[in-house]
Amino acid sequence: MNTNEFRKHAHELADWMADYLDNIGDYPVIPPVRPGDIKKQLPEAAPENPESFASIFRDFREVIVPGMTHWQHPGFFAYFPANNSEPSILAEMLTATLGAQCMLWLTSPAAEELEERMMEWLREMLGLPADFTGVIQDTASSSTLVAILTARERRTGFEINRRGFAQSDRFRVYTSSQGHSSVDKDVKIAGIGIENLVKVEVDALFAMVPSSLEEAIQQDINDGFVPLCVVSTIGTTSSTAIDPVEEIGMICRKYNIWHHIDASYAGSALILPEMRWMSDGVELADSFVFNPHKWLFTNFDCSAYFVKDKQSLTNTFSILPEYLKTPEDKRVNNYRDWGIPLGRRFRALKLWFVIRTYGIRGLQEKIRSHIQFGQWLKEEVQNAQGVELMAPVPLNLVCFRFSPCSMTSENEVDTINSNILESLNKRGEVFLTQTRLNGKIVLRFVAGQTHTTFEDVQKGWNLVYDAGMSICKDQLG
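Counting restarts for each chain: residues are numbered from 1 in the order of the written sequence. Local features in this predicted model are restricted to residues whose pLDDT is 70 or higher, and side-chain atom pairs enter the listing and the counts only when it is 80 or higher, whereas totals over whole chains, interfaces and linings include all residues. No hydrogens and no water enter the side-chain calculation; it runs on all heavy atoms of the structure.

K.L.:
How should I be thinking about the overall build of the protein chain in this particular structure?
P.N.:
If you tally the helices and strands in the protein chain, you get 14 helices and eleven strands. The globule rule used here is 2.2 Å times the number of residues to the 0.38 power, and the radius of gyration it is set against is calculated over C-alpha atoms. By the compact-globule yardstick of 23 Å for 477 residues, the protein chain fits well, its C-alpha radius of gyration being 24 Å. Counting every position in the protein chain, which comprises 477 residues, the buried fraction comes to 53%. Contacts are residue-level and defined by heavy atoms, with any inter-residue pair within 4.5 Å sufficient. Residue pairs at least 24 apart in sequence account for 73% of intrachain contacts in the protein chain once pairs closer than 6 positions are excluded. Secondary structure elements are taken from DSSP: a helix is a run of H or I of four residues or more, a strand is a run of E of two residues or more, and numbering for both begins at the N terminus. Each residue is placed in one exposure class: buried if its accessible area under a 1.4 Å probe, protein chains only, is under 20% of its type's maximum, exposed if it is over 50%, and partly exposed if it falls in between.

Put into structure tokens, the structure is as follows:
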């Protein structure tokens, strides 16, 4: 493909992308396909000879798009958002065009320095302490792993990196019973062992109980374990519960434990001054992560990781073979030393485009409106007959379940809610997911897509409620 052909096809794609964004609501949120339906439309072997771009693009439209779940759809109320926006998409196009590998300052000076500035902007926008230093990772899962590995190495004087584990290394990591599943995965990868992950009980609001954390720490010390790291959460995945990070931070200081805060979704709301109560005590933490790719309208992947002890971070991950040495090493941030991969994408560019396009006020307005959507929906649920609100609603995630009064068995209620969810999602107009709270099946409805409107939320709730009541009526006879 020469540049003239590239120019022609790039215009075609730009037109298709704009049309897609304009008409995304016309697609089913979840495609009506079964496992294997897409693969059987794809040739078993790669083509021997070149194919035209027209043919490739046609297959994209006819085979791939009909098999996609449309995350930017106005009826997507599942999981947490993985938002994009027009400026972010344009920046991704430029990133792909530049094709830069941003592992060192020398390999892309502008990429390194823009990333440094973007992390300073985010730190100020969220009201984080000035002694936090930031770097862009791929996901919060990786960021939490980085925190645990750094805690492990700092605690052992970087000896595990050198000699490996010894029998004396009996570490414990703590998170709440509502903590994200990535913590489970990370303790396994870090060599801590899943049996050494302590799940601390939560209160009626699904937040970690500090007194229970301290009891667990004291018991582990008595039993010969070494408390290593506590992962607290601002905005749990199941219900957006807010752990009391200040009390947790004080306990971590008392016992010399690394305190990492996972604010991967809810952290974006800290750009609102009225939501800063969620991060009270953040100055006591050792590290903090939130994902602009969730609720700050920046394409996946973009995870903002902040750390106080920059030296321990780089000491944990730095490997310096001769072929990576540069004259500027002592004067710049070589971000390959700040995380797991050597190679790095130019993620800061899309963040720069988004923040400048919206401005802080524009970002605040969108997030504030999403929180208002959640508060409206909470009231609707509370006023709806046959529906229970199952968790507090500090932000824009509402957890509820249909619970007809004629049902006496919890298993019956769980079954009917699972049936409601399956029926709703099959229709393709809205997409919700479920969780368990206090052992009960609960439906999750989160209103946080970039272009979600109040009308979209109203329509979505009406569809959910009508479908739920219809299924309850049918199944109850």
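K.L.:
Any chance you could explain the packing of aromatic side chains here in plain terms?
P.N.:
Pairs of aromatic rings are described using the distance from one ring centre to the other and the angle between the two planes. Two rings from Phe, Tyr or Trp (for Trp, the six-membered ring) form a pair when their centres are within 6.5 Å of each other. A pair whose planes differ by under 30 degrees is stacked, one over 60 is edge-to-face, and the rest are tilted. The full count for this structure, using the stated rule, is 24 aromatic pairs. For the ring pair Trp16 and Phe60, a centre distance of 5.2 Å and an interplane angle of 70 degrees mean the geometry is edge-to-face. With Trp16 in helix H1 (residues 3-23) and Phe60 in helix H2 (residues 53-64), the pair connects residues that are 44 residues apart, well separated along the chain. Judged by its relative accessible area of 30%, Phe60 is partly exposed. Summarising the aromatic geometry, the rings of Phe77 and Phe445 are spaced 4.1 Å apart at their centres and angled 15 degrees between planes, so their arrangement reads as stacked. Of the two residues, Phe77 sits in the loop between H2 and helix H3 (86-98) while Phe445 sits in strand S11 (residues 440-446), which places them 368 residues apart along the sequence. Taken individually, Phe77 and Phe445 each receive the classification buried, so the pair is uniform in this respect. Through pairs of rings, three or more aromatic residues link up here, namely Trp16, Tyr20, Tyr27, Phe53, Phe57 and Phe60. Both a distance and an angle decide whether a charge sits over a ring: NZ of Lys or CZ of Arg must be within 6 Å of the ring centre and within 35 degrees of the ring normal. The ring centre of Phe225 lies 4.1 Å from the NZ or CZ of Arg170, which sits over that ring.

K.L.:
Please explain helix H12 (residues 348-383) as it appears in this structure.
P.N.:
Because each turn of an α-helix spans 3.6 residues, side chains separated by three or four positions in sequence point in the same direction. To estimate the expected span of a helix, count its residues, drop one, and scale the result by 1.5 Å. Compared with an ideal rise of 1.5 Å per residue, which puts 36 residues at 52 Å, H12 spans 44 Å between its outermost C-alpha atoms and falls more than 12% short. At Gly359, H12 shows its largest bend, some 85 degrees. Fitting axes to the seven residues that end at a residue and to the seven that start at it, the angle between those axes gives the bend at that residue.

K.L.:
Any chance you could explain the layout of surface pockets here in plain terms?
P.N.:
Rolled over the atoms, a probe with the dimensions of a water molecule shows which regions are left empty. Every definition here rests on a 1 Å grid over the protein atoms only: cavities are sets of points where a 1.4 Å probe fits but cannot get out, pockets are open sets enclosed by protein on both sides within 12 Å along at least five of seven lines, and lining residues have some atom within 4 Å of a point. Grid points are joined across faces, edges and corners, and a volume is the space filled by probe spheres set on the points. Estimates place the volume of the largest pocket at around 650 Å³. Lining of the largest pocket is provided by 20 residues; of these, Trp16, Tyr20, Gln72, Asn84 and Asn299 occupy positions nearest its centre. Of all the secondary-structure elements, those providing two or more residues to the lining of the largest pocket are H1, H2 and H3. Top element by residues in the lining of the largest pocket is H1. It accounts for five residues. Three classes are used: nonpolar for Ala, Val, Leu, Ile, Met, Phe, Trp, Tyr, Cys and Pro, charged for Asp, Glu, Lys and Arg, and polar for all others, with Gly counted as polar. Residues that form the lining of the largest pocket fall into these classes: 14 nonpolar, five polar and one charged. A volume near 400 Å³ is recorded for the second largest pocket. Taken together, 20 residues form the lining of the second largest pocket, with Tyr79, Phe80, His180, Thr237 and Lys294 sitting closest to its centre.

K.L.:
Is there a simple way to explain a negative patch on the surface in this structure?
P.N.:
Residues enter a patch when their relative accessible area is above 30% and they make no salt bridge; the linking distance is 9 Å between like charges and 5 Å between nonpolar side chains (Val, Leu, Ile, Met, Phe, Trp, Tyr). All accessibility values rest on the Shrake-Rupley procedure with a 1.4 Å probe; residue burial counts only the protein chains present in the view. In what follows, salt bridge is the name for a side-chain nitrogen of Lys or Arg lying within 4 Å of a carboxyl oxygen of Asp or Glu. Under the counting rule used here, the positive set is Lys and Arg, the negative set is Asp and Glu, and His together with the chain ends is not counted. Every charge is mapped to an atom, namely NZ of Lys, CZ of Arg, CG of Asp or CD of Glu. A surface patch of negative charge is lined by Asp15, Asp19, Asp22 and Glu86. With three residues, the top contributor of residues to the negative patch is H1. Inspection of the secondary structure assignment puts Asp22 in helix H1.

K.L.:
It is not clear to me how unusual backbone geometry should be interpreted in this structure. Could you clarify?
P.N.:
Of the consecutive residues Phe300 and Asp301, the connecting peptide bond is found in the cis state with omega at 10 degrees. Summarising the element assignment, Asp301 is placed in the loop between helix H10 (292-295) and strand S7 (303-307). In this structure, Asn256 takes a positive phi of about 55 degrees despite not being glycine. Inspection of the secondary structure puts Asn256 in the loop between helix H9 (245-255) and strand S5 (258-262). On the basis of relative accessible area, Asn256 is assigned to the exposed category, the value being 51%.

K.L.:
Mind showing me how you'd approach the packing of H1 against H2 here?
P.N.:
Packed helices, taken two at a time, are described by the angle between their axes plus the distance between the axes. Here an axis means a line fitted to C-alpha atoms, over the contact stretch when the element is a helix, while the angle between two N-to-C directions is reported on a 0 to 180 degree scale. One can describe the packing of H1 onto H2 by two numbers: an axis separation of 12 Å at closest approach and a directional angle of 15 degrees. In this view, H1 runs roughly parallel relative to H2, as classed from their interaxial angle. Viewed along their axes, H1 and H2 form a crossing whose handedness is right-handed. Residues His9, Glu12, Leu13 and Trp16 of H1 form the contact with H2, whose participating residues are Phe53, Phe57, Phe60 and Arg61. Tallied by class, residues from the contact of H1 with H2 come to five nonpolar, one polar and two charged. Any angle that falls under 35 degrees is termed roughly parallel, while one over 145 is termed roughly antiparallel, one within 65 to 115 roughly perpendicular, and all others oblique. Definitions for this section: a left-handed crossing has its near helix turned counterclockwise from the far helix by less than a right angle. A right-handed crossing has that turn clockwise.

K.L.:
Could you clarify how one ought to interpret the sheet that holds strand S9 (residues 397-402) in this entry?
P.N.:
Here a strand pair is declared whenever DSSP counts at least two bridges between the two strands. What the four strands build is an open sheet, ordered S8-S9-S11-S10; its pairing is antiparallel. With one partner strand each, in any of the chains shown, strand S8 (387-389) and strand S10 (433-437) form the two edges of the open sheet. Each adjacent strand pair in this sheet contributes to an overall mean axis angle of 40 degrees, direction not counted. Bridge count between S10 and S11: five bridges; the pairing is antiparallel. Directly across from Leu437, in S11, lies its bridge partner Lys440.

K.L.:
I keep staring at the pattern of salt bridges and nothing clicks. Help me out?
P.N.:
Between side chains of opposite charge, a pair can form as their charged atoms come close. This model, assessed by the stated rule, comprises 27 salt bridges. The salt bridge partner of Arg436 is Asp414, with a shortest N-O separation of 3.5 Å. In this pair, Arg436 is assigned in strand S10 and Asp414 in helix H13 (residues 410-427), connecting sequence segments 22 residues apart. Looking at Arg436, the relative accessible area reads 47%, which means it is partly exposed. A salt bridge links Glu422 to Lys426; the nearest nitrogen and oxygen atoms lie 3.4 Å apart. Of this pair, Glu422 and Lys426 both sit in helix H13, four residues apart, which is roughly one turn of that helix. A relative accessible area of 44% places Glu422 in the partly exposed class.

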